[in-house]
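# Coordinates in review
Residues per chain, in single letters:
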Amino acid sequence: MDVKDKLIFPGQVHETADGGILVTKLDEAINWARANSLWPLVFGTSCCAIEMMSAADAKYDWSRFGFEVARASPRQADLIIVAGTIVMKMAPVLKRLYDQMADPKYVIAMGACTISGGPFFYNTYSVVKGVDHIIPVDVYIPGCPPRPEALLHGMIALQEKIKNEPYFRKKKD
Amino acid sequence: MNNEDLKIQISQYIPAASYDESGEFLNAFLPLENFAENMLLLRQKLQLDYLFCLTAIDWKDHIAMVYHLLSKQQKHTLVIKVKITDTANPTMDSVCGIWKTANYHEREVYDMFGVHFNAHPDLRRIFLDEDWKGWPLRKNYEDENMIAL
């Protein structure tokens, strides 16, 4: 399936004399809208952030897939891309940013540092060994740093995940 | 001034100094006693107006303080080293009063190595949280989050 096909509205139009009736499932319609308008938070802590900026810029241009409005406030963001090493001192800040985001919210762990601590796994006093110790992660993107294509792939994988989750039939905790 | 001239000058003011000339810069080893007075003397006599690096090394049996000094007028560079043998409670003179930049550098050395600087105006941790236990760049540092290779 091509990326463009994912933008097509999930439903059918039944032609009538006055213009037609749209038939769809609420789950699918809501997920379609949410998945194609994910606003990422401006959050980058090291070299992965440079690749993330590259993915946002004209050459890779993540706005093609609905990520165009990077927000400087967590209250307006749906997605946090943890791009870079998280140290012990940054951990409470990241947790706070995540808590400030409105539901539904998603997390992408970009790069080796956010997955496991990466090159800072051994013999370090300062680095958090995996961002999933602090906040729940939806998509992991390996690499050091991952190329912008890999980030885009991860973000499209997240869209796929959103489209397949039952919005109204979520299990209660 | 070249390294040889520097050495002759320093020997005049601080007879107790010893030297290592194997590197690019002249390394002068000064005694721990009267360190601030000696440094002030060097600054005045050799026009060492710029402290461009202040750090420490943990050699396990002692801690070495390293000062890189530069004269902007005379274009000479000098490295000062001091041994602190009391690793349990390392203490030495602050050079904040001589080079203002030493304030933050010494706070970093205090943060990472636990060296106490006498007469420092504001000696507290600069990078780590205030309630951090231990000195992370010491060779014998351990904590529960660290995974040894």
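Report follows, based on the coordinates.

Cut-off values and rules
Residues numbered from 1 in each chain as written. Chains lettered and ligands numbered in written order. Predicted model: local features only at pLDDT ≥ 70, side-chain atom pairs only at ≥ 80, totals over all residues. Heavy atoms only, no water. Helix = DSSP H or I, 4+ residues; strand = E, 2+ residues; numbered from the N terminus. Rg over C-alpha atoms; globule rule 2.2 N^0.38 Å. Contact = heavy atoms within 4.5 Å. Areas by Shrake-Rupley, 256 points an atom, 1.4 Å probe, with all protein chains shown as cover. Lys, Arg positive; Asp, Glu negative; His and termini not counted. Charge placed at Lys NZ, Arg CZ, Asp CG, Glu CD. Buried < 20%, exposed > 50% of the residue type's maximum accessible area, 1.4 Å probe, protein only. Buried area = accessible area lost by both parts, 1.4 Å probe. Salt bridge = Lys/Arg side-chain N within 4 Å of Asp/Glu carboxyl O. Polar contact = N/O pair within 3.5 Å; in protein donor to acceptor, adjacent residues only side chain to side chain. Nonpolar A, V, L, I, M, F, W, Y, C, P; charged D, E, K, R; others polar. Pairing = 2+ DSSP bridges. Right-handed = clockwise from strand over helix to strand, strands pointing away. Phe/Tyr/Trp six-rings, centres within 6.5 Å; stacked < 30°, edge-to-face > 60°. Lys NZ or Arg CZ within 6 Å of the ring centre and 35° of its normal. Core = buried A, V, L, I, M, F, W, Y, C linked by side-chain atoms within 4.5 Å.

### What to know about the overall build of chain B
- For chain B, the helix and strand inventory stands at 3 helices and 7 strands.
- Whereas a compact globule of 149 residues would reach a radius of gyration of roughly 15 Å, chain B reaches 16 Å, a difference of no more than 12%.
- Projected onto its principal axes, the C-alpha positions of chain B cover 50 × 30 × 25 Å.
- Pairs at least 24 apart in sequence give 48% of the contacts found in chain B among residues at least 6 apart.
- A total of about 8,200 Å² of accessible surface is found on chain B, and carbon and sulfur atoms cover 49% of it.
- Averaged over its 15 positive side-chain charges, chain B has a centre that lies 4 Å from the centre of its 22 negative ones.

### Digging into the overall build of chain A
- Broken down by element type, chain A carries 5 helices and 6 strands.
- In sequence order, the secondary structure elements of chain A are arranged as β-β-α-β-α-β-α-β-α-β-α.
- Its C-alpha atoms give chain A principal-axis dimensions of roughly 70 × 40 × 25 Å.
- The 173 residues of chain A split such that 40% are buried.
- Sequence separation of 24 or more characterises 74% of the internal contacts of chain A that already satisfy a separation of 6 or more.

### Some thoughts on the interface of chain A and chain B
- In this complex, chain A contributes 8 residues to the contact, which on the side of chain B involves 15 residues.
- For the pair chain A and chain B, the summed buried surface comes to about 990 Å²; carbon and sulfur atoms form 65% of the total.
- Interface area lost by chain A to chain B is led by K89(A), N123(A) and Y125(A), which between them contribute 59%.
- Viewed at the interface, chain B and chain A are joined by 0 salt bridges.
- For the pair chain A and chain B, the interface holds 4 residue pairs in polar contact (both at pLDDT 80 or more).
- Of the residues that constitute the side of chain A that touches chain B, the class distribution is 4 nonpolar, 2 polar and 2 charged.

### A word on the pairing of strand β5 (residues 106-110) of chain A
Residues and elements named next belong to chain A.
- The element β5 is extensively covered by neighbouring structure, given that 5 of its 5 residues are classed as buried.
- Going residue by residue along β5, you find Y106, I108 and M110 tucked away on one face and V107 and A109 tucked away on the opposite face as well.
- As defined by bridge partners, strand β4 (residues 79-83) adjoins β5 across 5 bridges and the pair is classed as parallel. Residue pairing across strands places I80 opposite V107, the latter belonging to β5.
- Crossover connection from β4 via helix α3 (residues 91-100) to parallel β5: handedness right-handed.

### Quick notes on the packing of aromatic side chains
- Taken as a whole and assessed by the stated rule, the structure comprises 8 aromatic pairs over all chains.
- Look at F121(A) and Y122(A): their rings are 5.0 Å apart centre to centre, the planes differ by 85 degrees, and that puts the pair in the edge-to-face class.
- An aromatic cluster is present here, built from Y125(A), W132(B) and Y141(B) joined pairwise through their rings.
- Cation over ring: K72(B) sits above Y50(B), and NZ or CZ is 5.7 Å from the ring centre.
- In this structure, R107(B) packs its charged tip against the face of Y104(B), placed 5.5 Å from the ring centre.

### Topic: the nonpolar core
- If you look at the biggest cluster of nonpolar residues, it comprises 37 residues, and the most contacted ones within it are M39(B), L42(B), M65(B), Y67(B), I80(B) and V95(B).
- Of all the secondary structure elements, the ones that give two or more residues to this core are α1 (3-13), β2 (26-30), α2 (35-46), β3 (50-58), β4 (63-70), β5 (77-84) and α3 (102-113) of chain B.
- Once residues within four sequence positions are removed from consideration, M65(B) is found in contact with L54(B), T55(B), A56(B), I80(B), K81(B), V82(B), I84(B), M92(B), V109(B), V115(B) and F117(B).
- By size, the runner-up hydrophobic cluster in this structure holds 24 residues, among which are A49(A), M52(A), W62(A) and A83(A).

Don't take any of this as a statement about function, it's just geometry.
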